[in-house]
Amino acid sequence: DPSVDAKTLCPYCDEPLPPFPTPHLKHLLATTVKKSVRNPRPTNPMGRKAEVTVFINVCQRHRFESEILPEAQAKGWPKTIEWSLIHERVMNMKDHLRALTENSIVGDDDDDDDSPWEIPGKSRNMKRARDGCVFWQEAMNDVKEKGTRAAGNVKNQFANFDKTQPGYYGELGSVIIHQTLFELFPPEDIQPEVVSPLSPKDFINRVLLPEVAIQLIMEDKSLSGSSGSRRALKILRDSTAYGVAMFPEDTGE
Ligand SMILES: [Zn+2]
């Protein structure tokens, strides 16, 4: 069809490319150009040909972006993230994260009157940092169910992969948050008994990392209080598959 701009078509399968290809898709297109040859055809004057194994990633990727991206757009998940700011944003959460690590007594910073975390008869100023932390509660339930050793093993880490992803921040976000957390709290400096029954590394991965993601999402969406935190948790869970596909670890080249 001559009315279609060939530049908007996939050079390999001739399907339309998404209107705004991600950096990752652009990168895949650029690298496969070098491994393919020109092959103009009636359906696509800019068509190219190559072994299927060369371009399969490109086609999977553009189909994904055509289907998932509209959902992300409808739900307000970001297409670009200021990666250079993440380190500092996480550094600024130091006090909050230290309180979680030490489970210190914290003031009640809820702005909700109907907070379900409020325990009747319990003095407000006796609230501890982990009391309202859903990730700590989930890790504790996991340990209760499977025992400490099973909860820390590789198979279980794999089963919990979704739960330890930072939502739309994706794998790349996970890597940057990780590095910053290890800088803030080197695992060897965390007293194991303080985070027991988790190991210091498990505590960072399963509690601090998703907690950072919640805080980032709350900042992004101007959410606050425990109701804001619950909304951020839903966004985090809903957008995890998107984040993994949108911001894989290798886009930063
Ligand atoms: Zn294609």
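Bear in mind that the values here come from a model prediction, so they are computed numbers and not experimental data.

A. Fine view of helix α3 (residues 83-91). Among the residues making up α3, those that are buried are Ile86, Arg89 and Val90. Seen from one end, α3 has its buried residues packed into an arc of 90°, which puts them on one side. Exposed and oriented more than 90 degrees from the buried face of α3 are Ser84 and Glu88.

B. Main features of the coordination of the zinc ion. All of the protein donors around the zinc ion are Cys10 (SG), Cys13 (SG), Cys59 (SG) and His62 (NE2); their distances to the metal are 2.1 to 2.3 Å. Between the 4 donor atoms coordinating the zinc ion, the angles at the centre fall across 102 to 118°, so the site counts as tetrahedral.

C. Just the packing of aromatic side chains, in detail. Under the defined criterion, the tally for this structure stands at 6 aromatic pairs. Ring geometry for Tyr12 versus Phe55: centroids 5.1 Å apart, planes at 5°, classification stacked. Here Tyr12 is found in the segment before α1 (23-33), whereas its partner Phe55 is found in helix α2 (residues 52-75), with 43 residues between them in sequence. Note on accessibility: Tyr12 and Phe55 belong to one class, buried. Ring geometry for Trp136 and Phe203: centres 5.9 Å apart, planes at 65°, overall edge-to-face. Taken together, the residues span a long stretch of sequence, with Trp136 in helix α5 (residues 134-152) and Phe203 in helix α9 (residues 200-220) at a distance of 67 residues. For Trp136, a relative accessible area of 10% puts it in the buried group.

About the thresholds
Position labels on residues start from 1 in each chain and follow its written sequence. Given that this is a predicted model, residues contribute local features only at a pLDDT of at least 70 and side-chain atom pairs are listed and counted only at 80 or more, while totals for whole chains, interfaces and linings are drawn from all residues. Side-chain calculation: all heavy atoms of the structure are included, whereas hydrogens and water are not. Relative accessibility decides the category of a residue: with a 1.4 Å probe and only protein chains considered, values under 20% of the type maximum give buried, values over 50% give exposed, and everything between is partly exposed. Put simply, DSSP H or I for four residues or longer makes a helix, DSSP E for two residues or longer makes a strand, and each gets a number counted from the N terminus. Here the arc refers to the directions that run from the helix axis out to each C-beta atom. Coordinating donors are taken as N, O and S atoms within 2.8 Å of the metal, stretched to 3.2 Å for Na, K and Ca; because water is absent from the atoms, sites can appear incomplete. When four donors show all angles between 85 and 135 degrees the site is tetrahedral, when four or six donors have opposite pairs over 155 degrees and all other angles between 65 and 115 it is square planar or octahedral respectively, and in every other case it is irregular. In this analysis, rings of Phe, Tyr and Trp, with Trp reduced to its six-membered ring, are considered paired at centre separations within 6.5 Å, and the interplanar angle assigns stacked below 30 degrees, edge-to-face beyond 60, and tilted for intermediate values.

The values reported here are purely geometric and, on their own, carry no functional implication.
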